[in-house]
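# Close look at the chain arrangement
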Amino acid sequence: MAVLVTGGAGYIGSHTVVELLEKNEEVVVLDNLKKGHKQAVLGGKFYHGDLRDDQFLDKVFKENDIEAVVHFAAYSLVGESVINPADYYNNNVVSTLRLLTKMKDSGVKKIVFSSTAATYGEPESIPIQEDDKTAPTNPYGETKLAVEKALRWFDSAYDMKYVSLRYFNAAGAHTSGKIGEDHNPETHLIPIIMQVATGRRDKVQVFGDDYNTPDGTCIRDYIHVTDLANAHIAALERLRAGEESGIYNLGNGKGFSVKEVLTTVEEVVGRKINYEIAPRRPGDPAMLVASSEKIMKELRWNPKFNKLETIVETAWKWHSEHPNGFEK
């Protein structure tokens, strides 16, 4: 039986496909390639299409004996979601409802959902716990929370079990250097710094240096993408064991400031990184750090690449060998 990975040509999806293949899983990858890269899919059976295409979805489910779904396919840019909320609800919510309905009709009862810390909105306390209030401050977070609520009702009505993983700042690249982070536009801090290191950008903008943090810059929880991938597999094993549905945070458990990241990149790449201080961005909390105690206890998951230096080293291996990202 196969594991269907939607959005499997994307950053986290492609790394999860690699980890599944290394565990000798039968993998089916689905992606519309609007954000993902076919070159990032290093194995499995690939389908190019959209979840909102019912005929396409019928074909995928009819041609494969699907046991479970790992669902990454979504738009994920906060700023873009504010400008185009219709696109985000259509792509993130409508497409997921199509997928869940097809799963129901096909008797597929297990799904691991790629959620986000954006479901919490402004944190009330640090570290963030799974039972903290969810009050998203942007349409992206709202769409992910809407799917989580739909999953709860599908479980109640159809016994479709799920694990929802709320994670923070995915970072780094596969240790082989074969796949890594390639977004257009790029909005994540570490790859933006890498673009300065490789000469694709002149400088990094640091949005605010007057926060109530030790060095005045925002603190975020960076988690290595391979650790994220293995957490999805741990969640899949929980569902295979017949356990109940659940929601888990995923993070390092500690945060790093923007300036700490800049300094670490300089040490790894051996050169200075130009940056300038820019005004704060509206809605940026001073600190976002997850508590991962629940997933560590219940799913026996532990991050293996939790040092910032390791995260940066793997990112640099990818970016230095692929300065222009995946070949178009």
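Above this note sits the structure.
Now for a description of the structure that goes with this document. Bear in mind the structure is a predicted one, so any value in this text is a computation, not a measurement.

Moving on to the overall build of the chain. Across its full length, the chain carries 10 helices and 14 strands. Computed over the C-alpha atoms, the radius of gyration of the chain is 19 Å, within 12% of the 20 Å expected from 2.2 N^0.38 for a compact globule of 328 residues. By its C-alpha atoms, the chain is 55 × 40 × 40 Å across when sized along the principal axes. For the chain, the proportion of its 328 residues judged to be buried stands at 55%. Considering only intrachain contacts with a sequence separation of at least 6, the fraction spanning at least 24 residues in the chain is 76%. For the chain, the exposed surface amounts to about 14,400 Å²; the carbon and sulfur share of it is 47%.

Taken in spatial order, the 3 strands make up an open sheet running β12-β9-β14, and their pairing is mixed. Two strands in the sheet have a free side with no partner beyond their single neighbour: β12 (256-257) and β14 (287-288). Here strand β9 (residues 219-220) pairs with β14 via 2 bridges, running parallel. Residue isoleucine 219 lies in a different strand from β14, and its bridge partner there is methionine 287.

With that settled, the discussion passes to the sheet that holds strand β5 (residues 110-116). Working definition: the strands of a sheet are paired by backbone hydrogen bonds and lie parallel or antiparallel to each other. Spatially, 7 strands are ordered β3-β2-β1-β4-β5-β6-β11 in an open sheet, and the strand pairing comes out parallel. Two strands lie at the open edges of the sheet, namely β3 (45-48) and β11 (246-250), each paired on one side alone. The average undirected angle you get between the axes of adjacent strands in this sheet is 20°. In the packing of helix α2 (residues 54-63) onto the sheet, the strands contacted are β1 (2-6), β2 (26-31), β3 and β4 (66-71), and the crossing angle to β3 comes to about 165°. Each of β5, β6 (161-167) and β11 is contacted by helix α5 (residues 139-158), which is oriented at about 155° to β5, the strand it contacts most.

This part is about the side chain of histidine 232. Mapping histidine 232 onto the fold places it in helix α7 (residues 225-240). Overall, histidine 232 belongs to the buried group, its relative accessible area being 1%. Looking at histidine 232, its side chain comes within polar contact range of the main-chain oxygen of leucine 228, at 2.7 Å.

In this section: the nonpolar core. Core analysis: the biggest nonpolar cluster contains 32 residues, and Val5, Ile12, Leu165, Leu250 and Ile295 have the highest contact counts within it. Going through the elements one at a time, β1, α1 (11-22), β2, β4, β6, α7 and β11 are the ones with two or more residues in this core. Counting residues per element, this core draws most heavily on α7, at 8 residues. For valine 5, the residues in contact, after removing those within four places along its chain, are Gly13, Val17, Leu20, Val27, Val28, Val29, Leu30, Val70 and Phe72. One finds Ile190, Cys218, Val312 and Ala315 within the second-largest nonpolar core, a separate group that totals 25 residues.

Let's shift gears to the packing of helix α4 (residues 85-106) against α5. Where α4 contacts α5, the axes come no closer than 9 Å and their chain directions differ by 20°. Viewed along their axes, α4 and α5 adopt a mutual orientation that is roughly parallel. In this structure, the crossing between α4 and α5 has a hand that is right-handed. Taking contact as the criterion, the partners of Pro85, Tyr88, Tyr89, Asn92, Val93, Thr96, Leu97, Leu100, Thr101 and Lys104 in α4 are, on α5, Pro139, Tyr140, Glu142, Thr143, Ala146, Val147, Ala150, Leu151, Phe154 and Tyr158. Partitioned by chemical class, the residues of the contact of α4 with α5 number 14 nonpolar, 4 polar and 2 charged.

Rules and cut-offs
- Residues numbered from 1 in each chain as written.
- Predicted model: local features only at pLDDT ≥ 70, side-chain atom pairs only at ≥ 80, totals over all residues.
- Heavy atoms only, no water.
- Helix = DSSP H or I, 4+ residues; strand = E, 2+ residues; numbered from the N terminus.
- Rg over C-alpha atoms; globule rule 2.2 N^0.38 Å.
- Buried < 20%, exposed > 50% of the residue type's maximum accessible area, 1.4 Å probe, protein only.
- Contact = heavy atoms within 4.5 Å.
- Areas by Shrake-Rupley, 256 points an atom, 1.4 Å probe, with all protein chains shown as cover.
- Pairing = 2+ DSSP bridges.
- Axes fitted to C-alpha atoms, helices over the stretch in contact; angles between N-to-C directions.
- Polar contact = N/O pair within 3.5 Å; in protein donor to acceptor, adjacent residues only side chain to side chain.
- Core = buried A, V, L, I, M, F, W, Y, C linked by side-chain atoms within 4.5 Å.
- Parallel < 35°, antiparallel > 145°, perpendicular 65-115°, else oblique.
- Left-handed = near helix turned anticlockwise from the far one by under 90°.
- Nonpolar A, V, L, I, M, F, W, Y, C, P; charged D, E, K, R; others polar.

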